[in-house]
Amino acid sequence: MSLHTVLFELGCEELPPKSLKTLRDALLSEVTTRLQSAGLPYAKINAYAAPRRLAILIEGIEGHQPDRIEERRGPSVAGAFKPDGTPTPAAIGFAKGAGIEVSDLIRIPTDKGEWLVHRKTVTGQSLDDLLPTLLQESLNALPIAKRMRSAASRTEFVRPVQWVVLMKDAAIIPATIQDFASSNQTYGHRFHAPAAITLQSAEDYLTALRNAYVVADFDERQQLIDTQVKKLADEVNAKALVPADLRDEVTGLVEWPVALRATFESRFLHVPQEALISTMQDNQKYFCLVDSNGKLQPYFITVSNIESKDPTQITLGNEKVVRPRLTDAEFFFKQDQKQPLAARQEKLANRIFQAQLGTLWDKTERIATLAAYIAGQIGGNVEHTIQAAKLSKCDLASEMVGEFPELQGIAGSYYAALEGAPSDVSTAIREQYLPKFAGDVLPQTLTGVSIALADRLDTLAGIFGINQPPTGNKDPFGLRRVAIGILRILIEKRLTLSLTDLVEQAVTNYATRIENPSKTIQDAKAFLESRYRSMYEDQGIEVDVIQAVQALNPVSPLDFDQRIRAVQNFRALPEATALAAANKRVANILAKETVSTGGIDTALLVEPAEKALYETLEALEPKVHPLLAQSEYTPALSQLAALRTPIDAFFESVMVNADDAALRLNRLRLLTRLRALFLSVADVSLLQG
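Residues numbered from 1 in each chain as written. Predicted model: local features only at pLDDT ≥ 70, side-chain atom pairs only at ≥ 80, totals over all residues. Heavy atoms only, no water.

(A) Summary view of the overall build of the protein. Scanning the protein for helices and strands turns up 26 helices and 20 strands. The C-alpha radius of gyration computed for the protein amounts to 36 Å, which surpasses the reference 26 Å derived for 689 residues by more than 25%, pointing to a less compact arrangement than a globule. Overall size of the protein, expressed as C-alpha extent along the three principal axes, is 105 × 100 × 50 Å. Scored against the burial criterion, the 689 residues of the protein give a buried share of 49%. Considering only intrachain contacts with a sequence separation of at least 6, the fraction spanning at least 24 residues in the protein is 69%. For the protein, the exposed surface amounts to about 32400 Å²; the carbon and sulfur share of it is 50%. A distance of 3 Å separates the average location of the 74 positive side-chain charges in the protein from that of its 84 negative side-chain charges. (Helix = DSSP H or I, 4+ residues; strand = E, 2+ residues; numbered from the N terminus. Rg over C-alpha atoms; globule rule 2.2 N^0.38 Å. Buried < 20%, exposed > 50% of the residue type's maximum accessible area, 1.4 Å probe, protein only. Contact = heavy atoms within 4.5 Å. Areas by Shrake-Rupley, 256 points an atom, 1.4 Å probe, with all protein chains shown as cover. Lys, Arg positive; Asp, Glu negative; His and termini not counted. Charge placed at Lys NZ, Arg CZ, Asp CG, Glu CD.)

Printed below as a string of structure tokens:
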């Protein structure tokens, strides 16, 4: 059977650039899945995406589906025939449904007896017959939030469709897709090569488009942009800021990328660079340039979609466009400085944080109280923390943040520094929002840490206090992200603070606004602790390791983390599986008994194995207890690994449930002491081996 090359291209009006890469990947996935379901093997499949097209190129594909055997099982032989051998209605109905006689059915033996079966050979369909439906179904399944219909067409797509190419080698596969008849005609660059291009073969696709100023391969186009941008940045000893989302969006905007470097007036550099970068990236889709220290330079790079005979005109045009936007940022910056940052506190008193929880100024005062408490616990500057907390939300009422909401905290940090605030105060105003997302950096100053924790704890306590916790996929206040932020700060900054204490302080600050403080504390704390699992699973920690530590319910997230690391390390030891099983056995024994308190009577240790276990415990405890006191859980568990041999020997030769009550109690106390030693770190009986 001969192999073929198939090309499918859907030509459209300009596709949404932010979604282009996603659409390409989804189309590839949908087509691949359907080819596999249809039993059509191929050697290679690639997807292409440019502003005006989505395409699939399949190489080495069979021209037909292979024939296949379909098998349908009917009634059992016992239920298919009467005692006299005549067919029952069940057998007759099954055969009729298959279009054959009962005598044509075959019998197959199974573990549950013989069954009637109908087998038939199904002839495979041709590639030409399968592809149109397969491709239309793939397009219908694409993740498009809002589809549109064009002209009189009854079909919908993300943008109006203009043409459809469907070819097998040099031939057109007749089809109607998205209400367009297939052809071998595509189109090149809208300006450089607007005329129709007749493809001689599916294999000519990429070359024909390249000759028409279209780089159809998204990844290749992106690499061209990367190379050009780096070259232009290197020429002025700078580094380009290339956020992944912006990189993908720019790649989705151009078919023939031509990067150009432009400049702006140096006077704008006194404006907070985050504002300049924000407006250039978000509004103009420019790549900004910074020096080796991350300081913004008076350059930007734009990626044009045409190869101009006079690129200077394009550069000048972009410089002209960006100037008013930078001027706006400069204006807002100057306007904000006409009054002190603290003067905006009055405006915060008129802005609602949450209807039941008061204004932004109410929240600010609670943050100041809680942050001061935290600062006192971790050795921070309480006075600076209160000052920073009371300024922390003031920039929300500034002109700059009104125009650039993403600069909240950043703008306030600049204004506080310009007013001569202590460095940790101005820095903390910026750091209060850290971490902003998973994997983001944490606050570096103790003042910033205190405010970042206080802000999140206040939100968590307040929302639980009015009984609006996250439900299912709904988390309107972002409390899951808030909780992870709290845990990360406490763990990664190595703060030995109690979750219970912190939540209680946060709830207390709400006074009468929270009707049921005790329930709020319980629910908010439980929610925080529930985030451990998702946080550690994201780090590749096994669920049983997390459960082993959660069984002890450590009050400090840092302590929880130290135990997690220790148990994860212990789990990798060769003794771990046996010790986990032994602990499980000990736990089961003790769960059925009531063991009175008291020491172990050495005179009642009669078996060599129980003597050896006791002696090992006696030798280990002086080594392990100091480690536990210092939260050195990893070396503590490593020491306890030495218990494997005496524990195994104990269970092999010692009868715990002895007839002698004193002997039995003594052995139970020995196991209780053993169990308690392991439970000083985690419940290793929960490890799965």
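(B) Broad picture of the packing of helix H18 (residues 499-508) against helix H19 (residues 517-538). Running from N to C, H18 and H19 point in directions that differ by 135°, and their axes come no closer than 9 Å. As far as their axial angle goes, H19 and H18 are oblique. As for the relative orientation of H18 and H19, their crossing is right-handed in sense. Residues Leu499, Thr500, Val503, Glu504 and Val507 of H18 touch H19, and the partners they reach there are Pro517, Thr520, Ile521, Ala524, Lys525, Leu528, Glu529 and Tyr532. Among the residues forming the contact of H18 with H19, the class breakdown is eight nonpolar, two polar and three charged. (Axes fitted to C-alpha atoms, helices over the stretch in contact; angles between N-to-C directions. Parallel < 35°, antiparallel > 145°, perpendicular 65-115°, else oblique. Left-handed = near helix turned anticlockwise from the far one by under 90°. Nonpolar A, V, L, I, M, F, W, Y, C, P; charged D, E, K, R; others polar.)

(C) Fine view of the pairing of strand S3 (residues 53-62). Of all 10 residues in S3, seven are buried, a share of seventy percent or more. Sheet analysis places strand S1 (residues 3-12) next to S3, joined by eight bridges and oriented antiparallel. Across the sheet, the residue bridging to Val6 is Ile58, located in S3. Linkage of strand S2 (residues 44-50) to S3, two consecutive antiparallel strands, is achieved through a turn of two residues. (Pairing = 2+ DSSP bridges.)

(D) Layout of the nonpolar core. One finds Met280, Met400, Leu643 and Phe678 to be the most contacted residues of the largest nonpolar core, which totals 129 residues. Considering every element that reaches this core, the biggest residue donor is helix H16 (residues 446-465), with 10 residues. With sequence-adjacent residues up to four places away left out, Leu643 is seen in contact with Leu579, Leu613, Thr616, Leu617, Leu620, Leu674 and Phe678. (Core = buried A, V, L, I, M, F, W, Y, C linked by side-chain atoms within 4.5 Å.)

(E) Focus on the packing of helix H23 (residues 608-629) against helix H24 (residues 633-640). At a minimum axis distance of 8 Å, the contact between H23 and H24 shows a crossing angle of 165°. Taken together, the axes of H23 and H24 are roughly antiparallel relative to one another. As H23 runs across H24, the sense of the crossing is left-handed. Where H23 abuts H24, its residues Leu620, Lys623, Val624, Leu627 and Leu628 lie against Tyr633, Pro635, Ala636, Gln639 and Leu640.

(F) Just the sheet that holds S1, in detail. Pairing is antiparallel across the open sheet formed by five strands, whose spatial order is S2-S3-S1-S9-S10. Edge positions in the sheet fall to S2 and strand S10 (171-172), since each has one partner strand and no second. Where helix H1 (residues 20-38) meets the sheet, it contacts S2 and S3, and its direction lies at approximately 155° from that of S2.

(G) Seen up close, unusual backbone geometry. Residue Pro435 follows Leu434 across a cis peptide bond; omega there is -5°. Inspection of the secondary structure assignment puts Pro435 in the loop between helix H15 (423-431) and H16. Its identity as a non-glycine residue notwithstanding, Lys285 has a phi of 65°, on the positive side. Of note, Lys285 is situated in the loop between helix H8 (273-283) and strand S17 (287-290).

(H) A look at H23. With 22 residues, H23 ought to run about 32 Å at 1.5 Å a step, and its terminal C-alpha atoms sit 32 Å apart, in line with that. Phi for Ser631, located one or two positions after H23, is positive at around 60°. (Expected span 1.5 Å × (residues − 1).)

(I) Just the pattern of salt bridges, in detail. As enumerated under the stated definition, the model contains 42 salt bridges in all. Between Asp458 and Lys363 there is a salt bridge, with its nearest N and O atoms 2.8 Å apart. Of the two residues, Asp458 sits in helix H16 while Lys363 sits in helix H11 (residues 360-378), which places them 95 residues apart along the sequence. Lys363 gets classed as buried once you look at its relative accessible area, which sits at 4%. For Asp559, the salt bridge identified is with Arg563, shortest N-O distance 2.7 Å. Of this pair, Asp559 and Arg563 both sit in helix H21 (residues 557-571), four residues apart, which is roughly one turn of that helix. Here Asp559 matches Arg563 in class, with each residue buried. A cluster of three or more residues bridged by salt bridges with shared partners is formed by Lys363, Arg366, Lys393, Asp455 and Asp458. (Salt bridge = Lys/Arg side-chain N within 4 Å of Asp/Glu carboxyl O.)

(J) Spatial organisation of the side chain of Glu529. For Glu529, the location among the structural elements is in helix H19. The exposure class assigned to Glu529 is buried, which follows from its relative accessible area of 15%. With sequence-adjacent residues up to four places away left out, Glu529 is seen in contact with Leu499, Gln550 and Asn553.

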